[in-house]
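Here's the letter readout for the chains.
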Amino acid sequence: MYLVYFDNLLDVRRGKEQIAFNRLRDGALSTNMIAACCKTLLCVEHPRYEGQSVLLFPDFCPISGLEPLPAASRVHIRDWPAEAYAKLPSLPGTWREDGRLHAETEEDKVAVARNTEAVRAKMSQDASGFLTFQQLLRAAGGQVDTLHLPEGAQSRSIKASLAE
Ligand SMILES: [Zn+2]
């Protein structure tokens, strides 16, 4: 899945009353912003972004007006079936295991860390005239619905819990 990050500066032109929030399951750290009318996933907030970025999934909601940068790195690479991952173009990637971050090489780990640090880097632009994800959540009364979706069978944490 292709993930794109933008500064947490949102300009809601219309339909603000349709903005709603959910999370995939109890304990999920990510909060999704959706359009209540059609359930379109608009963007995602995670505490690790430290309020500086939001995540977009162009596969769910195409981005118009600009061409996103090509993917620079991958995370959670052990969630992929190994044969399928081996067929992808080579990019630095990391996975979590035993509570630690792993990569094939130290250079890969550094490259991925540079990208994840950019996500929480202070926004370059002044926030005036924009709304943040957190402001929109407050405007919606702080209401976050829980979808109670199960984790996918390829999930590393599922596989780890089965191995115990
Ligand atoms: Zn809609």
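What you are looking at is a predicted structure, and each value in this text was computed from that prediction instead of being measured.

To continue, consider the environment of Met33. With respect to the helices and strands, Met33 occurs in strand S3 (residues 31-35). Owing to 22 C-beta atoms within 10 Å, Met33 belongs among the buried residues under this scheme. Distance in space between the C-alpha atoms of Met33 and Phe6 is 14 Å, their sequence separation being 27 residues. Among residues more than four places away in sequence, those in contact with Met33 are Ile19, Phe21, Leu42, Cys43, Phe133 and Leu136.

Turning our attention to unusual backbone geometry. A positive phi is found at Glu50, a non-glycine position, where the angle reads about 50°. Among the secondary structure elements, Glu50 is positioned in the loop between strand S4 (40-45) and strand S5 (53-56). Looking at Glu50, the number of C-beta atoms within 10 Å reads 12, which means it is exposed.

On to the nonpolar core, then. Phe21, Met33, Ile34, Leu42, Cys43, Val44, Val54, Leu56 and Phe133 form the largest nonpolar core, which has nine residues in total. Those elements giving two or more residues to this core turn out to be S3, S4 and S5. Looking at which element gives the most residues to this core, the answer is S4, with three residues. Dropping the residues within four chain positions of it, Val54 is found in contact with Phe6, Asn8, Cys43, Val44, Glu45 and Phe133.

The rules we used
- Residues numbered from 1 in each chain as written.
- Predicted model: local features only at pLDDT ≥ 70, side-chain atom pairs only at ≥ 80, totals over all residues.
- Helix = DSSP H or I, 4+ residues; strand = E, 2+ residues; numbered from the N terminus.
- Buried ≥ 20, exposed ≤ 12 C-beta atoms within 10 Å, placed from the backbone.
- Contact = placed C-beta atoms within 7 Å.
- Core = buried A, V, L, I, M, F, W, Y, C linked by C-beta atoms within 7 Å.

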